[in-house]
Amino acid sequence: MGRKIDQGWRWKQVEDTRPGWDEYFISIANVVSSRSTCLRRKVGAVIVRERQIVSTGYNGAPKGTPHCLETGCLREKLGVPSGERHEICRGSHAEINAIAQAAAMGSATAGSVIYCTHEPCSFCTKAIINAGIRRIMFVNHYPDPIASLIREEAGIEVACIEETPVTEDQR
């Protein structure tokens, strides 16, 4: 898609190399994931309403408690497969943390979109639905068929999108 720029006395057509909105917010979720303290998977989430960031979250232990980098991972020690036994994990998921951050700051999430580096699990899906979030965009699939069923029943729009790497001319 091109746009015209004014060069003083004439207009010149130039190529618009900016990322689309979905790619933009997914790339921010990816940066947010870099704060994760999880030893298994780094996940980031960004809640957006009307193209404005409401809150962000990454997976890790609750505020003020030791995180997995300090204590180790019980699920890893027990050999628990991905997508199972969430209740024994000391960390909160990125989506839950983003919703909690919005609540702590008094920011409404109703009618918003959540951008996630990974597909939300069933626990996060239930929180997303109850927070009034209407659309989920994610990059990486997560093995939780119950989450897919719950989203379908609730009429939540879900899409898996490819992460578009930032090119040199976009920096």
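Residues numbered from 1 in each chain as written. Predicted model: local features only at pLDDT ≥ 70, side-chain atom pairs only at ≥ 80, totals over all residues. Heavy atoms only, no water.

Draft legend 1. A look at unusual backbone geometry. Despite not being glycine, Glu50 has its phi angle at roughly 50 degrees, a positive value. Summarising the element assignment, Glu50 is placed in the loop between strand S3 (44-49) and strand S4 (52-58). The exposure class of Glu50 is exposed, given its relative accessible area of 71%. In this structure, Arg51 is a non-glycine residue whose phi angle is positive, near 60 degrees. Tracing the sequence through the fold places Arg51 in the loop between S3 and S4. (Helix = DSSP H or I, 4+ residues; strand = E, 2+ residues; numbered from the N terminus. Buried < 20%, exposed > 50% of the residue type's maximum accessible area, 1.4 Å probe, protein only.)

Draft legend 2. Main features of the packing of helix H4 (residues 94-105) against helix H5 (residues 122-130). For the pair H4 and H5, the least separation of the axes is 8 Å and the interaxial angle reads 25 degrees. Between H4 and H5, the interaxial angle falls into the category roughly parallel. Handedness of the H4/H5 crossing: left-handed. Within the contact between the two elements, H4 uses Glu95, Ile96 and Ile99 and H5 uses Phe123, Cys124, Ala127 and Ile128. Across the contact of H4 with H5, the residue classes break down as 6 nonpolar, no polar and 1 charged. (Axes fitted to C-alpha atoms, helices over the stretch in contact; angles between N-to-C directions. Parallel < 35°, antiparallel > 145°, perpendicular 65-115°, else oblique. Left-handed = near helix turned anticlockwise from the far one by under 90°. Contact = heavy atoms within 4.5 Å. Nonpolar A, V, L, I, M, F, W, Y, C, P; charged D, E, K, R; others polar.)

Draft legend 3. Region of interest: the nonpolar core. In terms of nonpolar packing, the biggest core is built from 16 residues, with Ala45, Ile47, Ile99, Ile114, Ile128, Ile133 and Ile136 touching the most fellow members. Breaking this core down by element, the ones donating at least two residues are S3, H4, strand S5 (113-118) and strand S6 (135-140). It is H4 that contributes the most residues to this core, 4 residues altogether. The residues touching Ile136, leaving out its near neighbours within four places in the chain, are Ile114, Pro120, Ile128, Arg151, Ile156, Glu157, Val158 and Ala159. With 12 residues, the next largest nonpolar core counts Phe25, Ala29, Val48 and Ile161 among its residues. (Core = buried A, V, L, I, M, F, W, Y, C linked by side-chain atoms within 4.5 Å.)

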